[in-house]
Every structure is written in C-alpha cells, then in structure tokens.
Amino acid sequence: MDGRDLVRSVKLVGSKRGLRTVRSAWRRARADVRALPSRGPERARVPGPLTGAEPGPGGGVVRFARSELRIRVAVGGAVFWGWDGAEPLPSYALPGEAPAADPRAVLEPGAGGGWQVVSERLTVAVSRHGAVELRTPGGVVLRRELPPRWWEPVAGGNARWVQRSEVPADARFFGLGGRAAGPRLRDGSYALWNTDPGGRFGPGDDPLYLTMPVQVVVSDAGTHLVFHDNSWSGRVSLREGKEGDGSGHDRPGMSEVRMDGGPLRCWMVAGTPARVLAGWSALTGAAAVPPSWALGPQHARWGFGSEREVRRIAAGYRERGLALSVLHLDIDHYDGHRVFTVDRARFPDLPGLAKELREEGVRLVSIVDPAVAAAAGNEVYDSGRAVGASGAFVRDARGRVVRGEVWPGACVYPDFTDPQVRAWWGGLYEERLARGFSGVWHDMNEPVSFAAFGDPSLPRSARHALEGRGGDHREAHNVYGLAMARAGYEGLARLRPDERPFLFSRSGWAGMQRYGGTWSGDVTTGWPGLRASLALVVGLGLCGVPYSGPDVGGFDGSPSPELYLRWFQLGAYLPLFRTHAASDAGRREPWEFGPEVLAGARQVLVERERLRPYWVTLARLAGLTGAPYARPLWWSSPGDRALRECEDAFLLGDALLVAPVLEPGVSERTVRLPPGRWYDTVSGAVYEGPGQVVVEAPLSRVPVLARAGAVIPVRGEDGGVELEVWAPVEGSTGGGTVVGDAGDGWEPVEVERYTTRLVDGRVVVERDGEERRVDRRVRVRGL
C-alpha cells in the first residue's frame, strides 16, 4: 500500500484528502526551514599527520593532528574503528553491550611510520595520514579506507563526512539493504533513506523501504562485510574495478560513503561467506525463528471486505486441495482505517472467524500501521497522550505534536525511540491477540505521511527521544521501523511468553532480523517486478535478514496467467511465501488464472509442504548461524568469478539450487552450476559443475537441482520426517543437517548432522559418524 499515487493523481484536485496532503507537505517544509537553518559556510577537515598512539584493549587509539582513530578487535574476529572519539555504543544495530575486546590483538608500530593491529583473521594497518588497510593474515589487501574528510559548519552544528574506499579490481558489491536492482550492485549511487517509492517499484527504483549501510564485498582475495554504523541520511556510490590487460595496471573498485551527519564508525567481518554472516549475526543479534506455520503458504489482499469473503477464500483453497497456512487482513478490516480497531459491520465476530480458521489449520495475521488517528475518543490516541510526561507522539522543534496525513486522515506518530512508548505500544497488541490474530505485519512505517510534493515522511527537524539522548528525525528516520518492530516483538513476547512472536515489517535497519523479517513492499506487476523480487530476498539475506519474500503476482496490476504462475513458483522457494495485491489489482487466488495455472500451483504447493521439515531446518540454522535461507550461487565458491555474475538463480540452503523462470515464453533455460554433481529433482537428469548447462523449464514447474550427497529432511507420506538422500559421487562425501520441529515456543532443539558416502554401489548414511544412529527412514535418489 502507498499514498503517493493517491495524493499525486488528478483526483486530488478539490478533494479533502488532497487539500490535507498539500497542507501537510507545506507544514513539514515550513517546520524544517524554521528549525534547520542553512548550514552556511563550512570548514573542511582531514585527519592530518600522525602524532602518536596509545595501546588499549583489542587495539588502541592512533592520534592525528586533527582527529583520532580508535581500533578494537572483538572476540570472534569483528573489527571496529571509529574517528573523532566514536565508540561502538550507543547503536541501534547492536542488541546490547558491545562485544568484548580480544586481548590477543595489540597495537604496535607498523611499516612506513604507521601503526597496526594484528589479529587472528585480519591485520589493520594505519598509515601516517589516516588511511586504513584491512589485510588477510597472508598480507592480501581486502579493503583500503582512504583518509576521511569532514565538513563542519563554521557557526557550529553536525559535521557531514565522506569516506572513500578501494577494493580489489575483481570485487563485486552486494547488500545495502533491499535493492530492487541487485543482488549484485552495479556502478551507481544508492541512497540511505528508507522511502516509500510511490505505490509500485521495479528494478530502476531507489531507495526503497529498507536501506542499511551494509556492504558485502566478494573478490578473489576473500569476502568481507563492512557496516558504517550511522543511521543518518546518506548516499553510497559504487564503482566496480577493472583488471589491466597484460602488464597494465589494475583499476581498483571504489566505494564512497557520504553521510549528512552522525559518527564515522565502522565494523568489518571477513572470511568465507558463511563465516562473515555468522560474525554479523553474532554482532547484531540472532535472527528470530518464525513459528513453523509461518513457513507455509500465505494469502493476503487489500480489500477482503468481509468475513464472508475471507471464508470464501479459505474454502476455495480447501475445496481444491491447495495448502494454506495463513490469511492476512489488511487495513480494510479496521474501523475507518484506525489501527487496533475492527469494522464490526463487516467483521462482526473476528474471534469466531479466527477460531474457525485455526481449526482448519489456517492462522490470521493482522496489518499494523504506526500512524494513529488524531481524534478525541480514539482509545489509542487518548492512551498515547497519557504516556510519560509529554505523551507518546513525535513532536516538532517547538514542542508541538507532529501531524501527518495517512489512511485514517490526520494522524500522529508514536516515538518508538522512547522505551516508555515501546512498552505502551507493545501492550496494545493484546487487542490483536484477543481478536484471534496469531501475528502481525507492520506497514507504512518508514514512516509515511502522504505528501503532494517532497519526501513522504515526517519533518527532518521532528524531535525524538533516541533512548534519552535526544535528537531529530534525520537520525531517527532510518531506525523508526526497526524500533517499531522491537516494540511489537517485545510486546508479543510479553503477552504470549510461551510462543515465538511472528512479525514482519516493511521498513527496518541493521539488526532487523532480531525481531522478524520483511517483505518486498509494493513491487510492480510485470516481469521486471518478478526479477526484482528475487534480488530483494537474496540481497536482504546477505545483510542478515533471512526471512523475507515478495508480493506474489505483484501489487499493483493484473498479471498474465504465465507471469502469475512463474511468480508463484518462485515464491514457493522463498522464505515468506505470500500472495498479495491492491484492492483494484485483481485476484491472486490460483484458481482465478485457469486450469493450467491451477495445476502448476498445486504441484509447487505440494512440494513446498513436502519440504516443510527442510524449511524448519533452514529457519533454525539461520537463527543459529546467520546463514540465509536463500543464498547466492557463489555462497560456497566465492572465488568462482562466473558465479559472482549470476543473479537469476539461487541456493536454498546447501542442498538445493533453484532456477526460476524470469522471462516470458520460456520452456528451457541455462543455469550456471557451482562445483560438483547436481540432479534434476523431477527428471533425475545429472549435471556436472562448475559450468553452464541447459535445463528443462516447462510452464508446469520450476527447475530445482539437488546437490550430490545432500541429506534433505522431507515430510513422508505418513506425515513424519524422513531423509531424502541424493547419491554422492564415488570417492566423495556429502551430508546435511536436520533440526526437528520442536514446536512454536522456546523449546531447545536438537541438531542432527549426517554424512553420506558411496561404498561398493551402496549409499551409506551416518549420523555423527555412526550408521546405526540413523533412526529416520532414508530414501535414496539419484543412484
């Protein structure tokens, strides 16, 4: 959902809402002009020459004539550095205390009059003028940070800064949150400002709802992740390098980070992709594990309109033998679009509906928007005004409550950067649970205020608590959705302490995985939107948010039967598998597109359910190790340059390679294979990697290949978990991990590790090195 199309259409002329959005945008602009005066003349600054150094825990401080650099290697290998006295805390990205310093890392004199810190995984070398090199233990440079530059207003105020970096010429960039043009980020400029793009988006639109200053860089030298821990508005410019021909010089890749204020501080994690994501997870917090029912097929629509229509949709899935786990209710079920209410005329008995659906194995999930209708008598508004000394809502620089225009009309916005407000807001979810909802999805939380012109958000001068530090919306905007997710997650956990909360959010920031997942937002209906859906999920996974998915079928239009089925097939192999569309965009039920599409949808739904134990395992492993469910093809082979270029296929865990069809009229497609033997899971055809092969891709199915030697937990015919083992190559071993479904609470889980090998034509499966310990049914394929 989005307001820009509405407020910018010609229908606005003369409409009440149109006039209100004009006034809202004018008020916002006027507030910023008054409270954020021009920066005026600025003074540029660079670190200057080195003047001294002081060892400290895990590193120390290197001093320059006009700045100082703090370096700290943390236990686990992550490296922190911060300029101008910047420390790891406070930070919205870190879940609590900063990681302890590694006592083995020591600041010592380096080459050329500089200093260095040598650790187990990285060497940090600082030059005499403030350049910082990050090297592997073998001395290979992964990244070189050039001396930063600041611009400080002569009259005082926040300094803006730029940090330029060099990476190897063969490096490829990934990350920066949800980017529709990814997952590989080409040369260009990428904004760091969570933005509602305007009702629909495709690969050319930037920024989107969830941005974060997290870069993942992959080169022959190794893989590393760099996080600039700064939530202010900014921009990242990237340029891939070029290797010289013959004896010509290489041109390194370049990254330029420009921020409008805030600290210049970074974290870096290096190693294999798996180690990098594990380190990132250890730093920013483990991913929330969704309840097992949230790993099944889900259906949503803006405009169900009534309990009767909800029942009709549920019956349609049931009568056609189609699996369905969740139905989502959008804002149309609210009374006047006001959050935490119900339109009792159209939904007279929501608890009864929820109970009825749950008995059929279907859960209800509710949308929750942050904007609160500013009307006396609205219980949420009235209770919010009584929170703390000055109420729960964001105020402007003059102390007045900020008002915006959203679906209910004139609205106010909770300040989720205030702990008291988070506690109050989290308690409001009791109403949702009492209505029978099992989870929530947060929308419009960039946050959005409809605007006839300009940025559809709050005034940048609006004031926020920022955990008691105080500050304005320039610093709080990008973490608003993250803080709202924290409020919701912690509230649900308090209200239902025996159940894992289910929450996903349109907006967020680094660390979003602690509270749940995200989805694509309003991806445009069309083949470019289908391709953007895959890019978003893979890119977000590399930024540490493993649970995400698109609006299957696109949000804003009517897909052709072929496009719908191809999108449905892709969605079935992504973590959050949900159809969704706007009220005027047509249906998204599989039976609305004809018998051929219905048959293809049924086939992939059956496979999604058969793989449910594998999805449970991937969810648990994401929480334990940080590894995303959906991974780029180079995940296990980052040194394979051809795989780094591949963006139209992905790995689902370690065992499966999914090659969705992203173009119309295709019955076969080429697939770039990682090393090893791969089996077509339907035809049984055998392919050898690395290399490129052509696979069958009829409209009825999506090509899925299994890695030789893989052990995949699947649902057997009796409903129990059995092991599907794909025959290993003679002389090689394989294996897999299984984590059983321990329920939807906080029960401890048991991790089962299996290995496979081929002995005299027989596949031997062992658990923890012993064949006799395998107590699950085994089915061998590919032999």
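Our subject is the structure listed above.
Quantities reported herein were computed from a predicted structural model and do not represent experimental measurements. (Residues numbered from 1 in each chain as written. Predicted model: local features only at pLDDT ≥ 70, side-chain atom pairs only at ≥ 80, totals over all residues. Heavy atoms only, no water.)

Trainee: How would you summarise the overall build of the chain if you had to cite specific residues and measurements?
Mentor: Scanning the chain from terminus to terminus reveals 14 helices and 45 strands. The globule rule puts the C-alpha radius of gyration for 783 residues at 28 Å, and the 26 Å found for the chain is close to it. With the principal axes as the frame, the chain shows a C-alpha extent of 70 × 70 × 45 Å. By sequence separation, contacts in the chain at least 24 residues apart represent 68% of the contacts at least 6 residues apart. Summed over its atoms, the accessible surface of the chain is roughly 27,900 Å², and 50% of this surface lies on carbon and sulfur atoms. Positive and negative side-chain charges of the chain, numbering 98 and 94 respectively, have mean locations separated by a distance of 5 Å. (Helix = DSSP H or I, 4+ residues; strand = E, 2+ residues; numbered from the N terminus. Rg over C-alpha atoms; globule rule 2.2 N^0.38 Å. Contact = heavy atoms within 4.5 Å. Areas by Shrake-Rupley, 256 points an atom, 1.4 Å probe, with all protein chains shown as cover. Lys, Arg positive; Asp, Glu negative; His and termini not counted. Charge placed at Lys NZ, Arg CZ, Asp CG, Glu CD.)

Trainee: So what about a positive patch on the surface? Which residues, and what values?
Mentor: Together, Arg 23, Arg 27, Arg 30, Arg 34, Arg 385, Arg 398 and Arg 403 make up a region of like positive charge exposed at the surface. With four residues, helix α2 (residues 16–35) is the single largest residue contributor to the positive patch. Mapped onto the elements, Arg 30 comes out in helix α2. Arg 30 sits in the partly exposed class, given a relative accessible area of 36%. (Patch = residues over 30% accessible without salt bridge, like charges linked within 9 Å, V, L, I, M, F, W, Y side chains within 5 Å. Salt bridge = Lys/Arg side-chain N within 4 Å of Asp/Glu carboxyl O. Buried < 20%, exposed > 50% of the residue type's maximum accessible area, 1.4 Å probe, protein only.)

Trainee: Give a description of unusual backbone geometry that names residues and reports values.
Mentor: For the bond running from Asp 206 to Pro 207, omega is 0°, close enough to zero to count as cis. Mapping Pro 207 onto the fold places it in the loop between β14 (188–192) and β15 (211–219). That bond from Glu 446 to Pro 447 is cis: its omega, 0°, falls within 30 degrees of zero. Positive phi, close to 60°, is recorded for Met 444, a residue that is not glycine. A positive phi angle, close to 50°, is found at Asp 760, a residue other than glycine. Note that Asp 760 resides in the loop between β43 (751–759) and β44 (762–767).

Trainee: Explain the environment of Asp 196 to me, using residue names and the numbers behind them.
Mentor: By the secondary structure assignment, Asp 196 is in the loop between β14 and β15. Relative accessible area serves as the criterion here: at 2%, Asp 196 is assigned to the buried category. Along the chain, Asp 196 and Asn 158 lie 38 residues apart, while their C-alpha atoms are 26 Å from each other. At a separation of 3.3 Å, a polar atom in the side chain of Asp 196 contacts the side chain of Arg 506. (Polar contact = N/O pair within 3.5 Å; in protein donor to acceptor, adjacent residues only side chain to side chain.)

Trainee: Could you give me a rundown of the pattern of salt bridges, with the residues and numbers involved?
Mentor: Counting across every chain of the model gives 69 salt bridges. Residue Arg 135 is joined to Glu 133 by a salt bridge in which the shortest nitrogen-to-oxygen separation is 2.8 Å. Residues Asp 396 and Arg 400 are paired through a salt bridge, measuring 3.2 Å at the closest nitrogen-oxygen approach. Overall, Asp 396 belongs to the buried group, its relative accessible area being 12%. Linked through salt bridges whose partners overlap, the residues forming this network are Glu 607, Arg 610, Glu 722, Glu 724, Arg 777, Arg 779 and Arg 781.

Trainee: An account of the nonpolar core is needed here, citing residue identities and associated values.
Mentor: Leu 327, Trp 425, Tyr 573, Phe 650, Leu 652 and Leu 657 are the most contacted members of the largest nonpolar core, which totals 191 residues. Among the elements that make up this core, the one with the highest residue count is helix α10 (residues 527–542) (nine residues). Sequence-distant contacts of Tyr 573, defined by excluding residues within four places in its chain, comprise Val 604, Glu 607, Arg 608, Leu 611, Trp 615, Phe 650, Leu 652, Val 658, Val 702 and Val 704. (Core = buried A, V, L, I, M, F, W, Y, C linked by side-chain atoms within 4.5 Å.)

Trainee: Can you break down helix α3 (residues 273–284) residue by residue, with the values?
Mentor: If you check α3, its first and last C-alpha atoms are 16 Å apart, about what 12 residues at 1.5 Å a residue would give, namely 16 Å. Burial in α3 covers these residues: Pro 273, Val 276, Leu 277, Gly 279, Trp 280, Ser 281, Leu 283 and Thr 284. Those residues of α3 that are buried lie in contact with β15, β16 (222–228), β19 (265–271), α10 and α13 (612–625). Backbone geometry just after α3 places Gly 285 at a positive phi near 110°. (Expected span 1.5 Å × (residues − 1).)

Trainee: Provide a residue-level description of the packing of helix α11 (residues 561–571) against helix α12 (residues 595–610), including the pertinent values.
Mentor: How two helices sit against one another is set out by the angle between their axes and by the gap between those axes. Two numbers describe how α11 lies on α12: the axes approach to 10 Å, and their chain directions differ by 0°. Classified by the angle their axes make, α11 and α12 are roughly parallel. Two secondary-structure elements touch here, α11 through Pro 561, Tyr 564, Leu 565, Phe 568, Gln 569 and Gly 571 and α12 through Glu 596, Val 597, Gly 600, Ala 601, Val 604, Leu 605 and Arg 608. Along the lines of polarity and charge, the residues of the contact of α11 with α12 split into eight nonpolar, three polar and two charged. (Axes fitted to C-alpha atoms, helices over the stretch in contact; angles between N-to-C directions. Parallel < 35°, antiparallel > 145°, perpendicular 65-115°, else oblique. Nonpolar A, V, L, I, M, F, W, Y, C, P; charged D, E, K, R; others polar.)

Trainee: With reference to specific residues and values, describe the sheet that holds strand β42 (residues 733–739).
Mentor: Pairing is antiparallel across the open sheet formed by three strands, whose spatial order is β42-β43-β44. Since the sheet does not close on itself, it has two edges, and those belong to β42 and β44, each with one partner. Strand-to-strand twist in this sheet, taken as the mean axis angle between neighbours without regard to direction, amounts to 25°. In this sheet, β43 lies alongside β42 in antiparallel orientation, the contact comprising seven bridges. Bridging from a neighbouring strand, Gly 734 pairs with Thr 756 of β43. Across the sheet, α13 is in contact with β42 and β43; its angle to β42 comes to roughly 85°. (Pairing = 2+ DSSP bridges.)

Trainee: Lay out the pairing of strand β21 (residues 326–329) in plain terms, naming residues and giving numbers.
Mentor: Burial of β21 is two-sided: the residues Val 326 and His 328 facing one way and the residues Leu 327 and Leu 329 facing the other way are all buried. The pairing of strand β20 (residues 298–301) with β21 spans four bridges and is parallel. In the strand pairing of β21, Gln 298 is matched with Val 326. At this point the chain moves from β20, through helix α4 (residues 307–319), to the parallel β21, and the crossover so formed is right-handed. (Right-handed = clockwise from strand over helix to strand, strands pointing away.)

Trainee: Break down helix α7 (residues 419–434) for me, citing the residues and quoting the values.
Mentor: The end-to-end C-alpha distance of α7 is 24 Å, a good match for the 22 Å that 16 residues give at a rise of 1.5 Å each. Against the buried residues of α7 lie β22 (363–368), β23 (372–373), α6 (379–385), β26 (439–442) and α9 (480–495). Measuring from the side-chain oxygen of the N-cap residue of α7 to the backbone nitrogen of Gln 420 gives 2.9 Å; that N-cap residue is Asp 418.

Trainee: Before we move on, can you summarise the sheet that holds β15 with the specific residues and values?
Mentor: The eight strands are arranged β2-β3-β4-β5-β19-β16-β15-β13 in an open sheet whose pairing can be described as antiparallel. Of all strands in the sheet, those bounded by a partner on one side alone are β2 (50–56) and β13 (172–177). Here the strands of the sheet are splayed against their neighbours by 15° on average, with no regard to which way each runs. Here five bridges tie β13 to β15, and the two strands are oriented antiparallel to one another. The residue bridging Phe 173 from the neighbouring strand is Val 217, located in β15. Of the strands in this sheet, β13, β15 and β16 touch α10, which is tilted by about 90° from β13.

Trainee: Could you give an account of the side chain of Glu 307, with specific residues and numbers?
Mentor: Topologically, Glu 307 is positioned in helix α4. Sequence-distant contacts of Glu 307, that is, excluding residues within four places in its chain, are made with Arg 346, Phe 347, Pro 348, Asp 349, Leu 350 and Leu 353.

Trainee: Pulling in residues and values, what's your account of the packing of aromatic side chains?
Mentor: In this structure the tally under the stated criterion is 31 aromatic pairs. For Arg 45, the ring lying beneath its charged end belongs to Trp 150, and the centroid distance is 4.2 Å. Sitting above the plane of the Trp 441 ring, Arg 578 keeps its charged end 4.4 Å from the centroid. (Phe/Tyr/Trp six-rings, centres within 6.5 Å; stacked < 30°, edge-to-face > 60°. Lys NZ or Arg CZ within 6 Å of the ring centre and 35° of its normal.)

Trainee: So what's going on with the pairing of strand β17 (residues 234–239)? Residues and values would help.
Mentor: With burial as the criterion, only one face of β17 is covered, namely that bearing Gly 234, Val 236 and Leu 238; the residues Arg 235, Ser 237 and Arg 239 on the opposite face remain uncovered. Bridge analysis of β14 against β17 gives five bridges, and the strand direction is antiparallel. Across the sheet, the residue bridging to Tyr 190 is Val 236, located in β17. In the sheet, β17 pairs with strand β18 (residues 253–259) via six bridges, with the strands oriented antiparallel. Counterpart to Arg 235 in the pairing with β18 is Arg 258.

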